[in-house]
Amino acid sequence: MEKLSNIAVKYRWAILVIVVLLTAFFGYQLRYLKVDSNIVDSLPKNDSIVRLFKEVGKRFGGNEMGMIILQDENVLRPDVLKDIRRITDTLSETKGILSVTSLTNIMNIKVEGDNFEVGKLINDNNWPKNLQQADSLKKEIEANKMVAGNIISKDGTATIILFTFQDDVDIDAVSKIIMNKIDKLHLSEKYYFGGSSFLTKYIADVISDDLVKLIPISFLLIAFILFLSFHSIRGIILPLLTAGFAIIWALGIFVMAGLKLSMVSNNVPIIILAVGSAYAIHVLNRINQCREKDTKKAIARALSFMIVPVTLTALTTMIGFLSFIFGAYLTMVRDFGLLAALGTFFAAVLALTFVPAMIAIFPAKRKEGGGIVSGNRKSLMTQYILVPLNKLVTKHSHAVLFVWILLFAISVVGIFMIKRSVSVSGYFKSGHPASIADRIMSKEFGGSKPVFVVFKGNMQSPEVLKMMLATEKYMKKSPYITNAQSVADIVAKLNKAMGGKDKIPDDKRKIGQLWFLLDQQQSLNRLVTADLDQGIIIAKFKDHGHNDIKIFNHYMQSWFKAHTSDDYTVEITGMPFVNEQLDKSLIRSQLASLAIAIVLVIALVSLMFSSFIKGLYASLPIISTIAILYGIMGLTGIPLNIVTVLVASIAMGIGIDYSIHFISHFNHSLKKYRAVQPAIEETMLFSGKAIMINFISVSAGFLVLVFSELVPMIYFGVLIALSMLGSSMGALTLLPAIILIENKRYKTQKDEN
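First, a word on scope: everything that follows refers to the structure included in this document. (Residues numbered from 1 in each chain as written. Predicted model: local features only at pLDDT ≥ 70, side-chain atom pairs only at ≥ 80, totals over all residues. Heavy atoms only, no water.)

1. Some words on the overall build of the protein chain
Applicable threshold: The way it works is that DSSP assigns letters per residue, a run of H or I at least four long becomes a helix, a run of E at least two long becomes a strand, and they are numbered from the N terminus. Exposed residues in this analysis have more than 50% of their type's maximum accessible area, buried residues have under 20%, and partly exposed residues fall in between, with area computed by a 1.4 Å probe over protein chains only. Here, residues are in contact when the closest pair of their heavy atoms is within 4.5 Å. Every accessible area reported is derived by Shrake-Rupley at a probe size of 1.4 Å, with residue values counting cover from the shown protein chains alone.
For the protein chain, the helix and strand inventory stands at 23 helices and 10 strands. The principal-axis extents of the C-alpha atoms in the protein chain amount to approximately 110 × 60 × 45 Å. Sorting the 753 residues of the protein chain into buried and exposed places 57% on the buried side. Contacts in the protein chain between residues at least 24 apart in sequence constitute 79% of all its contacts with a sequence separation of at least 6. Just so you have it, the protein chain exposes about 32,500 Å², and 59% of that area is on carbon and sulfur atoms.

Rendered as structure tokens:
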């Protein structure tokens with residue numbers, strides 16, 4: 001250990017040069033850093049639901065749909081219709097857009113006596129020239145069930161221009177082009193962008209803004225806390241440099257591996273900033289406390305104490321992050337675990353090499369009796385926090401234990417109240433355009449989540465079309481389906497227009513004649529394949545809770561089982577079903593990653609301390625904290641989503657650091673005093689200070705996330721800060737209370753014997 005401790009001092013200049021060169025190299029790679037916030041791209045390719053969802057896009061010209069929502073007193077007014085046509089034409093001319101559907105180009109079957117016409121809903125003949133004609137047209141359209149509530153709201157105050165992307169285009173890039181083009185039209189109506197493509201674009205923008213806005217705030221906040229804690233420039237610069245270099249190195253390797261930032265991994269720089277600076281804080285604190293007059297000897301002695309706990313805390317934190325690689329459903333969560341683990345590793349290495357090397361190169365003036373000169377200031381933290389905590393634990397250890405047990409019991413109740421949420425539209429604040437668009441879609445158009453029922457068979461077969469029409473009608477009976485459309489519905493309406501009934505003809509030749517009339521309609525490309533061997537029902541799903549899709553899926557599967565045939569096969573998919581898979585994965589990944597983290601952390605700590613009991617003791621504060629954290633989530637209504645699902649394993653990896661540092665110092669003090677109580681007192685006053693500084697700086701770093709525009713990020717920052725509070729207080733109260741109670745019990749048994 002002594003040889004390792006002297007390396008940083010002996011090779012201090014070499015370490016400095018290597019760190020600078022590596023930082024320059026990895027920093028250069030950051031120019032290639034990209035953001036991908038599309039959840040669909042992060043879904044596993046071997047999942048059957050996901051596979052079918054992506055296949056729908058290839059077969060029917062893109063399952064990625066976008067929409068522009070227009071609001072006005074009456075969207076059928078002449079000037080509003082002109083704007084709708086301008087938007088429609090603009091979208092149609094945009095490269096990467098497959099099809100556009102709006103009030104100005106949607107197909108309509110019009111019947112007058114014995115004559116019928118297949119044409120546009122609004123054409124030159126019925127285009128309103130004044131408000132009176134607009135109101136008349138509104139009444140006519142309200143009676144059209146295929147349009148009212150689908151393209152135009154039933155009260156005529158909102159309409160959507162729906163479009164689909166080509167399957168092989170860069171959706172984010174095309175979405176950005178569309179937003180710029182529409183903005184340049186200078187529309188007088190209120191307009192919003194909706195659909196998963198624009199949600200992805202909004203998320204990407206928020207990620208970029210957060211990186212630019214929140215990281216500097218986090219740096220400044222942690223710097224202020226470090227100044228109050230160490231009262232020196234070195235105490236500010238070294239922890240921040242350690243974290244900053246670790247961020248650059250980790251992101252550089254991340255880019256070189258061809259990976260991209262996502263709505264999950266975008267908060268990793270703040271995590272590394274908070275966690276990475278903590279290792280440097282402990283090293284600095286220990287060097288400051290060493291009583292050797294010679295700086296180099298002080299560094300070597302401090303490192304001999306700190307190599308084991310810093311290495312151990314880094315490993316446990318990395319385990320917390322790496323657990324996501326084995327337990328996550330989304331690749332973006334796995335990427336998050338990898339990036340955070342890399343940053344943690346580099347931060348620990350730099351804390352044990354770069355920080356002591358810099359102190360050796362630029363030594364501070366030391367006191368006569370050793371330690372760093374800092375004036376005659378009394379530590380407010382020691383006087384008002386650590387000393388009272390020590391007295392509390394020493395005098396009332398049983399009461400402290402009882403309070404923790406009570407908090408744990410209350411939290412168990414809250415755990416059973418936890419809700420889950422996988423809807424990306426709910427990730428934005430209520431005033432964000434994405435949230436407004438989602439509310440309009442839900443209220444006026446029955447939601448924005450498409451469901452696809454895929455039929456494989458001859459689309460000119462009466463049996464197939466009849467089953468498709470029956471399935472569509474069955475779907476409409478569900479309270480979760482607001483509207484549905486298929487080619488079978490169009491064929492039935494066209495049959496009625498030609499003098500028949502509103503149903504599929506029994507004669508295949510009659511269906512062929514109807515198909516001939518529909519052959520030139522571009523909108524059919526979204527409903528059938530070109531060779532007419534597959535067709536889909538497109539429906540809108542409106543959910544009210546995370547169990548709704550399960551109920552609807554059971555509803556549909558019972559129908560499919562009762563109507564099997566050799567003429568066709570039927571499958572169902574869509575974003576609600578993908579979300580259901582995500583919902584299931586939240587529990588699986590949470591249990592898997594947390595179980596992996598707990599088992600490996602306890603095993604590692606037990607191995608390092610050569611004692612399973614010590615490993616278990618070290619884990620008790622953070623395990624209790626995680627239980628309390630879940631209780632808080634349940635009691636306050638904070639949902640479990642793809643971001644907050646990360647909290648427990650991260651808290652496990654980071655929070656146990658406090659217990660490790662406490663036990664490590666306690667072991668040294670116990671050898672020194674050969675008595676438990678004075679050993680705990682010294683540990684509380686010395687390691688307790690580093691733990692408190694660590695807790696405050698880490699929590700402050702994470703609390704910066706409350707300024708994010710993404711709601712899950714706000715929850716994430718608050719929950720991690722709460723977990724740091726719980727785990728630090730657990731290390732400074734629960735852990736020493738257990739040690740004292742066990743020591744009293746041991747003494748009692750010894751006296752009795």
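2. Topic: the sheet that holds strand β1 (residues 65-71)
To keep things clear, this is the line we draw: Only strands joined by at least two bridges in the DSSP assignment are considered to pair. Between N-to-C directions, angles span 0 to 180 degrees; the directions come from axes that are lines fitted to C-alpha atoms, helices contributing only their stretch in contact.
Pairing is antiparallel across the open sheet formed by four strands, whose spatial order is β2-β5-β1-β6. Edge strands, defined here as strands with exactly one partner in the open sheet, are β2 (97-101) and β6 (190-194). Going from strand to strand, the sheet's axes swing by 20° on average, the running direction of each strand aside. By the bridge criterion, four bridges tie β2 to strand β5 (residues 158-165) in an arrangement that is antiparallel. Paired with I97 across the strands is F165, a residue of β5. Against the sheet, helix α4 (residues 78-92) touches β1, β2 and β5, its axis set at about 10° to β5. Across the sheet, helix α7 (residues 196-230) touches β1, β5 and β6, and the angle it forms with β1 is around 90°.

3. Here we look at empty space enclosed by the protein
The condition that has to hold: Only protein atoms enter the 1 Å grid used here, on which a cavity is any set of points holding a 1.4 Å probe that cannot leave and a pocket is any open set flanked by protein within 12 Å on both sides along at least five of seven lines; residues with an atom within 4 Å of a point are listed as lining. Grid points are joined across faces, edges and corners, and a volume is the space filled by probe spheres set on the points. Under the grouping applied here, Gly and all other residues not named as nonpolar or charged are polar, the nonpolar ones being Ala, Val, Leu, Ile, Met, Phe, Trp, Tyr, Cys and Pro and the charged ones Asp, Glu, Lys and Arg.
Inspection of every chain in the model, using the stated rule, returns five cavities of 30 Å³ or more. Estimated volume of the second largest cavity: approximately 120 Å³. Every residue lining the second largest cavity is counted, 13 residues in all, and those nearest its centre are R286, M306, H661, H665 and S687. Of all the secondary structure elements, the ones that give two or more residues to the lining of the second largest cavity are α9 (268-289), α10 (295-327), α21 (647-673) and α22 (676-703). Looking at side-chain class alone, the lining of the second largest cavity contains four nonpolar, eight polar and one charged residues.

4. Brief notes about the side chain of S486
Worth spelling out the cut-off: Polar contact criterion, stated in full: a pair of N or O atoms within 3.5 Å, where within protein one must be able to donate a hydrogen and the other to accept it, and residues adjacent in sequence count only if both atoms are side-chain atoms.
Within the secondary structure, S486 is located in the loop between β8 (481-485) and α16 (487-497). Within polar-contact distance, the side chain of S486 engages the side chain of E472 at 2.6 Å. Excluding residues that lie within four positions of it along the chain, S486 makes contacts with M468, E472, L527, I536 and I537.

5. Here's the deal with the packing of aromatic side chains
Applied cut-off: Think of it this way: a Phe, Tyr or Trp ring, Trp meaning its six-membered ring, pairs with another when their centres are within 6.5 Å, and the plane angle makes it stacked under 30 degrees, edge-to-face over 60, tilted otherwise.
Enumeration according to the criterion identifies 21 aromatic pairs in this entry. Between F53 and F452, the ring centres sit 6.5 Å apart and the planes meet at 40°, which makes this aromatic pair tilted. Residue F53 is found in helix α3 (residues 48-59), and its partner F452 is found in strand β7 (residues 449-456); the two are separated by 399 residues along the sequence. F53 gets classed as buried once you look at its relative accessible area, which sits at 2%. Plain terms: the ring middles of F163 and F198 are 6.0 Å apart, the flat faces sit at 80° to each other, and that makes the pair edge-to-face. Separated by 35 residues along the polypeptide, F163 in strand β5 and F198 in helix α7 bring together distant segments of the chain. Considered together, F163 and F198 belong to a single accessibility category, that of buried residues. Counting every residue linked through ring pairs, the aromatic cluster contains Y474, Y480, F541, F552, Y555, W559 and F577.

6. Description of the layout of surface pockets
In this structure, the second largest pocket encloses a volume near 850 Å³. The residue inventory of the lining of the second largest pocket, partitioned by class, reads 21 nonpolar, 12 polar and 11 charged.

7. Regarding the packing of helix α12 (residues 380-395) against α22
The criterion, for reference: When an angle is under 35 degrees it counts as roughly parallel; over 145 it counts as roughly antiparallel; between 65 and 115 it counts as roughly perpendicular; any other value is oblique. Left-handed is the label given to a crossing in which the near helix is rotated counterclockwise from the far helix by less than a right angle, and right-handed is the label when the rotation is clockwise.
Where α12 meets α22, the closest approach of the two axes is 10 Å, and the angle between their N-to-C directions is 130°. What the angle tells us is that α12 and α22 run oblique. Considering only the axes of α12 and α22, their crossing is right-handed. Together, M381, T382, I385, L386, V387, L389, N390 and T394 of α12 and Q677, I680, E681, M684, L685, G688, K689, M692, I693 and I696 of α22 make up the contact between the two elements. When the residues that make up the contact of α12 with α22 are grouped by side-chain class, the tally is 11 nonpolar, five polar and two charged.

8. Looking at the sheet that holds β7
Read from one edge of the open sheet, four strands run β8-β9-β7-β10, paired in antiparallel fashion. On the outer flanks of this sheet lie β8 and β10 (569-574), each paired with one strand and no other. Averaged over neighbouring strand pairs, the angle between their axes works out to 20° when direction is ignored. Two strands pair when backbone bridges link them, and β7 and β10 are joined in this way by six bridges, in the antiparallel orientation. Residue pairing across strands places V451 opposite G574, the latter belonging to β10. The sheet strands contacting helix α15 (residues 462-476) are β7, β8 and β9 (534-541), and the helix crosses β9 at an angle near 10°.

9. A word on the nonpolar core
Nonpolar side chains in soluble globular proteins tend to end up buried together. This is how the line gets drawn: Take the buried Ala, Val, Leu, Ile, Met, Phe, Trp, Tyr and Cys residues and link them wherever side-chain atoms come within 4.5 Å; each set so joined is a nonpolar core.
Ranked by internal contacts, the top residues of the largest apolar core, which has 246 residues, are I68, L103, I178, F552, I650 and F716. Of the residues forming this core, the biggest block, 20 residues, is contributed by helix α11 (residues 331-361). Ignoring sequence-local partners within four residues, the contact set of F552 consists of V451, M475, S478, Y480, I481, F541, I572 and F577.

10. A closer look at a nonpolar patch on the surface
Rules: Like charges within 9 Å and nonpolar side chains (Val, Leu, Ile, Met, Phe, Trp, Tyr) within 5 Å are joined into patches, using only residues over 30% in relative accessible area that form no salt bridge. A side-chain nitrogen of Lys or Arg and a carboxyl oxygen of Asp or Glu constitute a salt bridge if their distance falls within 4 Å.
On the surface, F402, V403, L406, L407, I410, V413, M417 and L635 cluster together into a nonpolar patch covering about 740 Å² of accessible area. Relative to the assigned elements, I410 resides in helix α13 (residues 397-415).

11. With respect to the pattern of salt bridges
This model, assessed by the stated rule, comprises 11 salt bridges. Where E571 meets K456, a salt bridge forms, and the shortest distance between an N and an O atom there is 3.8 Å. Note that E571 is positioned in strand β10 and K456 in strand β7, a separation of 115 residues in sequence. In this structure E571 comes out as partly exposed when scored by relative accessible area, which is 28%. Exposure remark for K456: the relative accessible area of 31% places this residue in the partly exposed category. As a salt-bridge pair, D507 and R509 come within 3.7 Å of each other at their nearest N and O atoms. By sharing partners, the salt bridges in this structure join D72, R77 and D79 into a single network.

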